[in-house]
Amino acid sequence: MRQSRCFWGCLSSAAFLALGACDTGGSSGGFVSFPNNGSTGSGNEPVWNPGVYEPASEFIAQCENPRSGTDIEGNTFPDQSGSTTIENFWLRSWTNETYLWNDEVPDLDPATFNDRLAYFDLLKTSAVEPSGEDRDDFHFSQPTEEFLEQRNSAPSASYGVSYAAIATTPPRNFRVRYTDPGTPASAEVGGLANFVRGAQILTVDGVDLINASSDAAVDALNAGLFPETAGETHTFEVLDPGAASSRTVTLVSENLSSDPVNTVKVINTGLGNVGYVLFNTFSPFSSEEEIVDAMEQLQAANVNDLVLDLRYNGGGLLAIAAQLSYMIAGPSFTSGRTFENLRFNDDAGDVNPVTGETNNAIPFYRTTLGFSLPSGNALPVLNINRVFILSTESTCSASEAVINGLQGVDFEVILIGDVTCGKPYGFYPTDNCGETYYTIQFQGVNDKGFGGYSDGFVPSDNPSPFGVITDGCTVVDDLEGTLGDESEVLLAAALSYRETGSCPLVTTTSPVTSQASVDAKGPALELPVNIPASNRDMRMPEGLR
Amino acid sequence: MRMLGFGAVMGLAACISPACQAEKPAVLALGPNDDLSAVAYALSRAEGRESLAFGPPDPRLQPVVTVLPPRPTSYETRSPALPSTYDIVSTNNGCILRRRSDDFVVTLPSSVQCTPYKP
């Protein structure tokens, strides 16, 4: 497992320079002068004029509880004395300027809400998709202090395991999804890995994970599953897949970063070499180097097909998704084409309403970009004409952008697994007065202008009436078999489809549906289909707390 | 304070002016134990944030400084963030950094020396 790269360390110039407060459009100590169409009422509060939206800059950083000093990144807080009403006015105008469906948001009087979060919750569309799902499932906020802590967190204590939380209330069912190589979880003792994929966790430090209900027991489970510091020793009783009896595993936590590329493999077949890559996240900067390394290996092996395992990849950096797509499809498919356009609200025109910059398309990047490799070097290209993508409902966002981007240039994608999560949307987390807000601001659309996959991409044999039908086969991820092993059920289906052109009959003895994933590294609870407010509990699903 | 792009103002792309001809790709003349604090200080204004992290390559060896974007959190599953790449250039008046995306120029403090890049 690699440490995240931060060349020459992360430097703060805060000690050298204290920048002035951001331009808030206001004056200190008093209240801003509002545009002509706004008026102030008693107490220097702005007055709601239905359908009229002053610039958000008129209200920014005028806080009920202004912060002072600097944040953990060294930036001086811009806050001035204000009120909840003014914060609500900022939310209203900011939503009108940047929200993707700004014309579907109710215009509510900010002065009638004394809770900014309650007001924010209403500043979204209430439209429903044909599937019955809310159009906007991704509307939430978190304290800015918490956001910055996450953004600046060093490698955190972990064993290097990702859990599948199949049942989070008694009788609970927690199983091992995968382990990262070179970690305590994957270390072998007596020829057997400590944690085997699919193993069910029965007890943690002697506490019954399946049935325990007391607060003390749940605290003990959390402490063991999610160690807070490196060097903690915890003992697990696990039941391996197919085993008749359990075994005891003792793990010592280490400070670890997630490993983007977990497995790279060349599979020799009678029809030529097949490349397999288990790619679990686009988020760390190291993912650029790791996926380029993987593609170079497969290029050298002259693979004529690729199985890209994105079943647990919840997304991350779009630029790396664009690089990966170029390395798959090559210049013949991508030359002069767009990987993804960010579609903002109708009022934005050609401008990104969040940054104020020209809204440039995201190309199929042909070179390295400087995340973890020096920029400007040509990327390797595989000489292939199609890609098999392994998917589950955890295949999300930037991972789906790969599917959509490739389909946009008519590169064949064969989907093996389950319906993807359906998140063509993105946002720029934005702080105001100590709360960081997430509101959908753009939809990613491909070269054909398509981005309507909020019900996911659906393998063509799946009976679901919703979603974007994509050639492929529905196969349930049964959590058994080593990922990358030719007998593992999704990979086996891809290889079979490659030979026969049809979906295999797949049976599974332990179907796993609706998994919540819980990465056992720091405060990461991933619920990629929906990020509800309850997800602010970063350590465990509610049922286990 | 935002400086105008040299390329737009002085026609540097054509490189016909004496000033342009005096410009040369350069690397930072830092010792192995020197850090990039002064460079970070200068770039923090250009990037609009106080805390910066640098990506590859080593600007003592290659004529480039890469500034990484803020790291995406686990909620940012569709992040359009990109690194900023600055070319290191020596001029008659000292060292500058020029951002490739828009020719934005950052003048480095006199305490930061650079030397011509030798491929």
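Relevant structure appears above.
It should be emphasised that the depicted structure is a prediction, and the values quoted were computed from it without experimental measurement.

A. Just the overall build of chain A, in detail. Across its full length, chain A holds eight helices and 32 strands. Across the 545 residues in chain A, those meeting the buried criterion constitute 54%. Put simply, chain A shows about 20,900 Å² of open surface, and 48% of that area lies on carbon and sulfur atoms.

B. Broad picture of the interface of chain A and chain B. Between chain A and chain B, the contact holds 61 residues from the first and 40 residues from the second. Between chain A and chain B the total buried area reaches about 4,100 Å² when both faces are included, carbon and sulfur atoms providing 61% of it. At the junction of chain A and chain B, the tally comes to one salt bridge. Taken together, the links from chain A to chain B amount to 13 residue pairs in polar contact (both at pLDDT 80 or more). The element that contributes the greatest number of residues to the side of chain A that touches chain B is strand E1 (residues 7-12) of chain A, accounting for six residues. Of the residues belonging to the side of chain A that touches chain B, the class tally is 34 nonpolar, 21 polar and six charged. Pairing analysis gives two bridges linking strand E19 (residues 316-317) of chain A to strand E4 (residues 78-79) of chain B, with the strands arranged parallel. Pairing of glycine 316 of chain A across the sheet is with arginine 78 of chain B, part of E4 of chain B.

C. Examining the pairing of strand E7 (residues 156-167) of chain A more closely. All names here are of chain A. Of all twelve residues that make up E7, ten are buried, and the element is covered over most of its length. Relative to strand E15 (residues 254-256), E7 is paired through three bridges, and the arrangement is antiparallel. Paired with alanine 157 across the strands is asparagine 255, a residue of E15. Strand direction decides the pairing type here: E7 and strand E8 (residues 173-179), joined by six bridges, are antiparallel. Across the sheet, the residue bridging to alanine 167 is asparagine 173, located in E8.

D. Representation of unusual backbone geometry within the structure. All names here are of chain A. Of note, the bond from proline 170 into proline 171 is cis; its omega dihedral lies within 30 degrees of zero at -5°. Structurally, the position occupied by proline 171 is in the loop between E7 and E8. The backbone of alanine 61 sits at a positive phi, close to 60°, despite the residue not being glycine. Mapped onto the elements, alanine 61 comes out in the loop between strand E3 (46-47) and strand E4 (62-63). Of note in this structure, aspartate 410 is not a glycine but carries a positive phi near 60°. Positionally, aspartate 410 belongs in the loop between helix H7 (398-407) and strand E23 (412-417).

E. Here's a closer look at the pattern of salt bridges. Residues and elements named next belong to chain A. The full count for this structure, using the stated rule, is 25 salt bridges over all chains. Arginine 498 is paired through a salt bridge with aspartate 305; the nearest N and O atoms lie 2.7 Å apart. Pair noted here: arginine 498 is in helix H8 (residues 489-500) and aspartate 305 is in strand E18 (residues 305-309), with a separation of 193 residues, a long-range link.

Definitions and cut-offs
Residues numbered from 1 in each chain as written. Chains lettered and ligands numbered in written order. Predicted model: local features only at pLDDT ≥ 70, side-chain atom pairs only at ≥ 80, totals over all residues. Heavy atoms only, no water. Helix = DSSP H or I, 4+ residues; strand = E, 2+ residues; numbered from the N terminus. Buried < 20%, exposed > 50% of the residue type's maximum accessible area, 1.4 Å probe, protein only. Areas by Shrake-Rupley, 256 points an atom, 1.4 Å probe, with all protein chains shown as cover. Contact = heavy atoms within 4.5 Å. Buried area = accessible area lost by both parts, 1.4 Å probe. Salt bridge = Lys/Arg side-chain N within 4 Å of Asp/Glu carboxyl O. Polar contact = N/O pair within 3.5 Å; in protein donor to acceptor, adjacent residues only side chain to side chain. Nonpolar A, V, L, I, M, F, W, Y, C, P; charged D, E, K, R; others polar. Pairing = 2+ DSSP bridges.

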